[in-house]
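# Overview (structure and organization)
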Amino acid sequence: IGAHFVRRWLAAEGEPVVGLDRLNYAGNLGSLFEVGRDTRLSFTKGDIGDTALVPDLLRRCRLRAIVNFAAETHVD
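Report follows, based on the coordinates. (Residues numbered from 1 in each chain as written. Predicted model: local features only at pLDDT ≥ 70, side-chain atom pairs only at ≥ 80, totals over all residues. Heavy atoms only, no water.)

Further remarks concern the pattern of salt bridges. Tallied over the entire structure, the rule returns three salt bridges. Note that Asp47 is salt-bridged to Arg22, the shortest N-O span being 3.7 Å. With Asp47 in the loop between strand S2 (41–45) and helix H2 (53–61) and Arg22 in the loop between strand S1 (17–21) and S2, this pair connects stretches of sequence that are 25 residues apart. Overall, the relative accessible area of 40% leaves Arg22 in the partly exposed class. (Salt bridge = Lys/Arg side-chain N within 4 Å of Asp/Glu carboxyl O. Helix = DSSP H or I, 4+ residues; strand = E, 2+ residues; numbered from the N terminus. Buried < 20%, exposed > 50% of the residue type's maximum accessible area, 1.4 Å probe, protein only.)

Here you go:
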């Protein structure tokens, strides 16, 4: 679901996207292959629950929104 959102966003919007994923058994970076060379896409391997990483991304990337497409039922 997240990769579909990223592909659609890049096709329709001019704004960049920062992907954040742990890439555990449910993650697959290959699903972004077709947009992997788009300079508006950057990817960080990490956990949305990381209380140091997420604020750092918010500061560095000046994000205006976070969309959580958790693939696991136990993710808050």
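Residues Ala3, Val6 and Leu10 constitute the buried set of helix H1 (residues 2–12). For H1, the buried positions fall inside an angular range of 60° around the axis, keeping them on one side. Among the exposed residues of H1, those pointing more than 90 degrees away from its buried face are Arg8, Ala11 and Ala12. Where the residues of H1 are buried, they touch S1 and S2. (Arc of directions from axis to C-beta. Contact = heavy atoms within 4.5 Å.)

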